[in-house]
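Fold and geometry: a report
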Amino acid sequence: MTNVFKPIGKTVVALAIASSIVGCSSLGVQPWEKDQFAREDMALNSEKLDLSLDDHIYFSKEGTSGGRSLAGGGCGCN
Amino acid sequence: MQLTSKQSIASALAIASCSLIGQANAAEAVPANDDWKVDAAIMYYGEQERVQAVEAIGNVQKAFGDKSLLDMKVVIDSLTGSSASGAVAQGESQTFTRPSGKGEYTVGAGDTPLDDTFHDTRVQLSANWQEVFNQDWTGNVGVYGSKEFDYLSMGLNAGLERSFNKNNTTLALSGAFTHDVVDPVGGRPVAFSEMVYRSDYNSDTEYQAAFDQTRLSGDDTKQTSDIMFGVTQILNRNWLMQANYGLSSVSGYMSDPYKILSEVDSNGITQGYRYESRPDSRLKHSVYVMTKGALDSGVVDFSYRYSTDDWDITSHTLETHYRYYFSPSFYGQLHLRYYQQQAAEFYQPFLTMGDTLPEYASADYRIGDMTAYTIGLKFGQRLSGGHEMTYRLEYYQQNPENNGTELPGQLQNYDLFPSVKAIVAQVSYSF
């Protein structure tokens, strides 16, 4: 299972880094084309309570955590 | 003449849009001028025959002008129920001394040993201040505290964001430091010490002396330093993407004081129990990529997270949320998540009699080989005055797997890696 995922993981990482480097200069829209990003449901933290509750569940029940945001404060739950 | 006219129209449009976008950005960062925004939720998390938790959460945001934002959060959660101790199922009933050393509990023949002493209440408070310095720079600082009966956590965090490329690109750097104090019920077990029983001693005093031999005095600490670098990029009119790299360094007490390992003979019969032991340092890396799109009648996101550390725990997480608006004030949302984890190098489901004790070992299935998935539905109703009510119901299942350990004798007769099935139900209200 893991071996199948490994190359995918590396590809995604490589793509992420490549797109961040290239992205800055060639991607994007003009200021007047940003109407969709002003939508409340398009904000990165539009469901922050759900996300924080989910983070807490998975932090307590799984061996890895964080990624989307800082792993954050600890608790004795795991 | 025509060219000039076009240019001036374009300039006028750009200026007009900039001012509009400026307001939109400000509105994103600061929800409403000098207004309060409150989000509250109550969540139930229930595992079949195991942990039950109720968590209440409240978040209050207060904007000060259009530059400053204060965010305060309070969380109270209460846990009861049983948790897997790490011991393996047996053909006969098994008796365990409670972690406090006071009393015992018995697990039936063939059953996965669950410690039913598990209950706690936790209170968590956090506050964050965000300041928009100028059009390009935003900063934030925060404090965090969490207290439960046997655990205290205190933390500080700070971050800096820089926007450029017409606000199409945002670079973010953030860091956090957390200091935890662990003070387990009954004290911290001595690594690999054997569980003692009252029935093996003539008096309470003799038993207590033997129990104390298995414990270390005082509390212990754990320090976590996190750093994260992130890029958010607008791709086109509807899509954006985010990529984060996180590094987390943890040092201090990381064993689970309530977890044990069975010590079995060549027939798979348990001869005793030993308290687990984990390394006192851990270095974790994570890479997270996410893309989010605005659809005509909804919004969708996809994310992937890769995580690895020097305990050899590697994980892959795929997740998506898809929201569909049935009407402008009512939506439904689907949540899917798949998680796959590779065991820590020191994970082992049991110890074998006669083998030399390893430096570290844990039978905690949460750091073993595992896959897990979540399927969830959420419905949201927008009410008058900008209020919103949401309902969420999710199913979460963990499927622990054998990490390749050969099972001797009678252990082959039992499910040593049982699935854990949980329901999450939540109601939220925002105004």
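Residues numbered from 1 in each chain as written. Chains lettered and ligands numbered in written order. Predicted model: local features only at pLDDT ≥ 70, side-chain atom pairs only at ≥ 80, totals over all residues.

We now examine the overall build of chain B. Across its full length, chain B holds 2 helices and 25 strands. Its C-alpha atoms give chain B principal-axis dimensions of about 105 × 40 × 40 Å. A buried classification covers 37% of the 431 residues belonging to chain B. Taking as baseline every contact in chain B between residues at least 6 positions apart, the subset at least 24 positions apart corresponds to 61%. (Helix = DSSP H or I, 4+ residues; strand = E, 2+ residues; numbered from the N terminus. Buried ≥ 20, exposed ≤ 12 C-beta atoms within 10 Å, placed from the backbone. Contact = placed C-beta atoms within 7 Å.)

Another aspect to go through is the overall build of chain A. Within chain A one finds 2 helices and 0 strands. When the 78 residues of chain A are sorted by exposure, 42% land in the buried category.

Moving on: the environment of E92 of chain B. As for its placement among the helices and strands, E92 of chain B is situated in the loop between β4 (83-84) and β5 (94-97). In sequence terms E92 of chain B and D111 of chain B are 19 residues apart; their C-alpha atoms lie 9.2 Å from each other.

It is worth spelling out the interface of chain B and chain A at this point. Taken together, the contact pairs 79 residues of chain B with 44 residues of chain A. Tallied by class, the residues present in the side of chain B that touches chain A amount to 32 nonpolar, 31 polar and 16 charged. (Nonpolar A, V, L, I, M, F, W, Y, C, P; charged D, E, K, R; others polar.)

Residue and element names in this part refer to chain B. Pairing of strand β8 (residues 120-132) with strand β9 (residues 137-148), which is carried by 10 bridges, proceeds in the antiparallel orientation. Bridge pairing in β9 links V132 to T138. Counting the residues that bridge the hairpin from β8 to β9 gives 4 residues. From the end of β9 to the start of strand β10 (residues 151-164), which pair antiparallel, there are 2 residues. (Pairing = 2+ DSSP bridges.)

Splitting chain B by domain gives domain 1 (1-30) and domain 2 (34-121 + 181-222 + 237-430). For domain 1 of chain B and domain 2 of chain B, the distance between their C-alpha centres works out to 50 Å. (Domains from an automatic or database assignment.)

Residues and elements named next belong to chain B. With mixed pairing, 3 strands are arranged side by side in an open sheet as β17-β16-β22. Each edge of the open sheet carries a strand with a single partner, namely β17 (270-275) and β22 (351-352). Examined bridge by bridge, strand β16 (residues 260-264) and β17 share 5 bridges and lie antiparallel to one another. From the neighbouring strand, I260 faces β17, where its bridge partner is Y275.

Residues and elements named next belong to chain B. Two elements, strand β1 (residues 36-47) and strand β2 (residues 52-64), share 11 bridges in a ladder whose sense is antiparallel. The residue of β2 that forms the bridge with G46 is Q52. In this structure, the hairpin formed by β1 and β2 is closed by a connection of 4 residues, where E49 is found at a positive phi of approximately 65 degrees. Counted between consecutive antiparallel strands, the loop separating β2 from strand β3 (residues 68-80) contains 3 residues, among which G65 sits at a positive phi close to 65 degrees.

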